[in-house]
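Spelled out from the first residue to the last, the chains are:
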Amino acid sequence: MKNILTFLILILLPKLIFAQESQHVEMAEGLFQSGKIYVVVTVLAVIFTGIVGYLIVIDRKISKLEKEINKK
Amino acid sequence: MESGTQNKTNKIQNVSPSGAGASKYWWKILAVILLLYTIIKGFLGPVPAQPILHESIRNLYFHVPMWFSMMVILFVSVWHSIKYLSKSTIESDIVATQAAHTGMLLGALGLITGSIWAKYTWGAWWVADTKLNGAAITMLIYLAYFVLRGSIDEEQKRARIAAVYNIFAYVMLIVFLMILPRMSDSLHPGNGGNPGFNKYDLDSNMRTVFYPAVLGWILLATWIFTLRVRLEKLKRKTLLND
């Protein structure tokens, strides 16, 4: 009886200890698996560079105006 | 912030456009590089698996820097308001107003992104939380700043009263965003009995993205703000010429 009890404890102990580890937090593994997330990142990078390009254009226009007005 | 020296460098630049040019916009390039890095590594880099948050933890790179850069830009605003009160140069008034405008843009983006994040983690678009309500009240205080400006016609008077109000507004911002949320329990990380911000910020992987992100967003905000200041100055100059 005693042997069986220690046997059971020895078997169940790791399960009890590592029970918390098995609580799996769901992350977007599928997204990374298919590799399509890179498409999203590329799209975002393109949009961001587009906005920055827009800022640069405005910046240059203002610089040009500043020069013209300062000449007067 | 640098508008005083900017005028001087503008004049130098007119003399030698090739030399002074590159030293003037290096920080804009830095902003773009940092933010591209944030977008790429922010989405692809490893993040700790946290319950409730899941992948939305990546919002830290985008939502939080909005507030950080808002506070920096609004500090620039109040700094120039104080400068106006001591020196009464209208340029300080222009800088203070445009900085406040840019700060409001960032604050609005911070509120909207926070609301979206809250919906998918706390389950509601808005909860009556000290941090959230504090942020909303801060926005209203700054909206009143623009209402106040709009209601006074005389330029000197408007600048002076607005400068005094701006100091009050920044003090209120610190009270509502930094002090009151820490004095009570809050769902929002970093406040009261919920110091969650440290928990995921301590992750060294996230730090390598978060800090560059904050700097990048602050620099981008500064860029937008300097554009606004230059445009406003041009407007006034052409009005004077007419």
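Residues numbered from 1 in each chain as written. Chains lettered and ligands numbered in written order. Predicted model: local features only at pLDDT ≥ 70, side-chain atom pairs only at ≥ 80, totals over all residues. Heavy atoms only, no water.

(A) Just the packing of aromatic side chains, in detail. Residue and element names in this part refer to chain B. Evaluation of the coordinates by the stated rule reveals ten aromatic pairs over all chains. Pairing phenylalanine 68 with phenylalanine 210 gives two aromatic rings, centres 6.0 Å apart and planes at 75°, and the pair type is edge-to-face. Residue phenylalanine 68 is found in helix α3 (residues 63-87), and its partner phenylalanine 210 is found in helix α8 (residues 204-241); the two are separated by 142 residues along the sequence. Overall, phenylalanine 68 belongs to the partly exposed group, its relative accessible area being 34%. Looking at phenylalanine 210, the relative accessible area reads 1%, which means it is buried. Each ring, one from tyrosine 120 and one from tryptophan 125, has its centre 6.5 Å from the other, and the planes form 85°; the classification is edge-to-face. Of the residues examined, tyrosine 120 reaches a relative accessible area of 63% and is grouped as exposed. Residue classification places tryptophan 125 among the partly exposed residues on the basis of a relative accessible area of 47%. Taken together, the ring pairs connect Tyr145, Phe146, Tyr165 and Phe168 into an aromatic cluster. (Phe/Tyr/Trp six-rings, centres within 6.5 Å; stacked < 30°, edge-to-face > 60°. Helix = DSSP H or I, 4+ residues; strand = E, 2+ residues; numbered from the N terminus. Buried < 20%, exposed > 50% of the residue type's maximum accessible area, 1.4 Å probe, protein only.)

(B) Highlighting the side chain of B:Thr38. All names here are of chain B. Inspection of the secondary structure assignment puts threonine 38 in helix α2 (residues 17-44). On the basis of relative accessibility, which here comes to 1%, the residue threonine 38 falls in the buried class. Sequence-distant contacts of threonine 38, defined by excluding residues within four places in its chain, comprise Phe43, Tyr61, Phe62, Val209, Pro212 and Ala213. (Contact = heavy atoms within 4.5 Å.)

(C) Structural view of the pattern of salt bridges. As enumerated under the stated definition, the model contains nine salt bridges over all chains in all. The residue B:Arg149 makes a salt bridge to B:Asp93 at a minimum N-O spacing of 2.9 Å. Of this pair, B:Arg149 sits in helix α5 (residues 130-150) while B:Asp93 sits in helix α4 (residues 90-121), placing them 56 residues apart in sequence. Accessibility expressed as a relative area gives 8% for B:Arg149, which makes it buried. Put simply, A:Asp59, A:Glu66, B:Lys28 and B:Arg230 are held in one network by salt bridges that share partners. (Salt bridge = Lys/Arg side-chain N within 4 Å of Asp/Glu carboxyl O.)

(D) Looking closely at the nonpolar core. Within the largest apolar cluster, 63 residues are counted, with the highest numbers of intra-cluster contacts made by B:Tyr61, B:Met70, B:Leu74, B:Leu173 and B:Trp223. Of all the secondary-structure elements, those providing two or more residues to this core are α3 (37-71) of chain A together with α2, α3, α4, α5, α6 (155-183) and α8 of chain B. Looking at which element gives the most residues to this core, the answer is α8(B), with 15 residues. With sequence-adjacent residues up to four places away left out, B:Leu173 is seen in contact with B:Met70, B:Met71, B:Leu74, B:Thr138, B:Tyr142 and B:Met178. (Core = buried A, V, L, I, M, F, W, Y, C linked by side-chain atoms within 4.5 Å.)

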